[in-house]
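Per-entry structural report
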Amino acid sequence: MNKPHFVYVTYIATTPGKLWEALTSTQFTEKYFFGTAIESDWQIGSTVSYLRNGEVTDYGTILKCEPNRLLSFTWNHTNDPANRKEPSVVTFKLKELESTVRLTLKHENLEPTDLVDRDDTFEGLNNGWPAILSNLKSLLETGNTLPPISI
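Residues numbered from 1 in each chain as written. Predicted model: local features only at pLDDT ≥ 70, side-chain atom pairs only at ≥ 80, totals over all residues. Heavy atoms only, no water.

1. Digging into the pattern of salt bridges
Which entries qualify depends on this criterion: Criterion for a salt bridge: a side-chain nitrogen of Lys or Arg within 4 Å of a carboxyl oxygen of Asp or Glu. Relative accessibility decides the category of a residue: with a 1.4 Å probe and only protein chains considered, values under 20% of the type maximum give buried, values over 50% give exposed, and everything between is partly exposed. Numbered from the N terminus, helices here are DSSP runs of H or I no shorter than four residues, and strands are runs of E no shorter than two.
Applying the stated criterion to the full structure yields four salt bridges. Salt-bridge contacts for E66 lead to R69; the nearest nitrogen and oxygen are separated by 2.6 Å. On the accessibility criterion, E66 (31% relative accessible area) is partly exposed. For R69, a relative accessible area of 53% gives the class exposed. Measuring nitrogen to oxygen at the nearest pair gives 2.9 Å for the salt bridge that ties E141 to K137. Of this pair, E141 and K137 both sit in helix α3 (residues 125–142), four residues apart, which is roughly one turn of the helix.

Encoded structure:
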């Protein structure tokens with residue numbers, strides 16, 4: 001049986017280097033990822049942790065790391081209600097297109113409960129990732145994140 005997956009593509013007026021830094025640096029993630037810090041040494045086999053208020057919320061193991069091109073790691077949520085046999089996998093692909101970078105996010109090996117079919121929430125990977133990556137795009141293109149919204 002095939003597991004669900006989620007793909008999101010956006011085009012950002014930036015360089016691969018700046019986008020890579022934004023994906024891998026707490027200096028940026030805390031701004032666009034709603035206060036979430038990131039920690040890793042970005043070596044294959046190393047851990048990656050997302051933290052809010054000093055507490056790990058999500059974590060995984062680096063599977064692939066090609067700076068400015070590709071980043072892939074397992075994804076585990078600390079309070080995951082799903083009974084998973086194995087973690088999901090997040091992959092970021094960066095493709096330079098002149099003065100723009102095409103960013104493709106693919107989140108694979110999902111459980112049906114990972115996707116929430118509602119448009120009034122940030123719950124579910126299909127609602128959360130677009131909000132995070134839209135905020136990232138705004139930050140890199142304008143220097144500001146989107147205004148806070150509560151839904």
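2. Overview of the nonpolar core
We count it as follows: We call a set of buried residues a nonpolar core when its members are Ala, Val, Leu, Ile, Met, Phe, Trp, Tyr or Cys and they connect through side-chain atoms within 4.5 Å of each other. Between two residues, a contact is recorded if the distance between any of their heavy atoms is within 4.5 Å.
Among the nonpolar cores identified, the biggest contains 32 residues, and L19, Y32, F73, F92, L103, W129 and L136 are the most heavily contacted of them. For this core, the element with the most residues is α3, which contributes seven residues. Excluding anything up to four places from it in sequence, Y32 contacts A22, L23, I132, N135, L136, L139 and T145.

3. Brief notes about the sheet that holds strand β7 (residues 100–108)
This is how it is decided: DSSP calls a pair of strands paired once it identifies at least 2 bridges connecting them. Note on geometry: axes are lines fitted to C-alpha atoms, helical ones only across the stretch in contact, with angles between N-to-C directions running from 0 to 180 degrees.
A sheet is described by the order of its strands in space; here seven strands give the open sequence β1-β7-β6-β5-β4-β3-β2, paired in antiparallel fashion. Single-partner strands in this sheet number two, and they are β1 (6–12) and β2 (37–39). In this sheet, neighbouring strand axes are inclined to one another by 25 degrees on average, regardless of whether the strands run parallel or antiparallel. The pairing of strand β3 (residues 47–52) with strand β4 (residues 55–66) spans six bridges and is antiparallel. Looking at β4, one finds that V48 is bridged to G60. Relative to strand β6 (residues 88–97), helix α1 (residues 16–24) is tilted by about 160 degrees, and along the sheet it contacts β1, β2, β4, β5 (70–77), β6 and β7. Helix-sheet contacts for α3 involve β1, β5, β6 and β7, and the interaxial angle to β1 is about 10 degrees.

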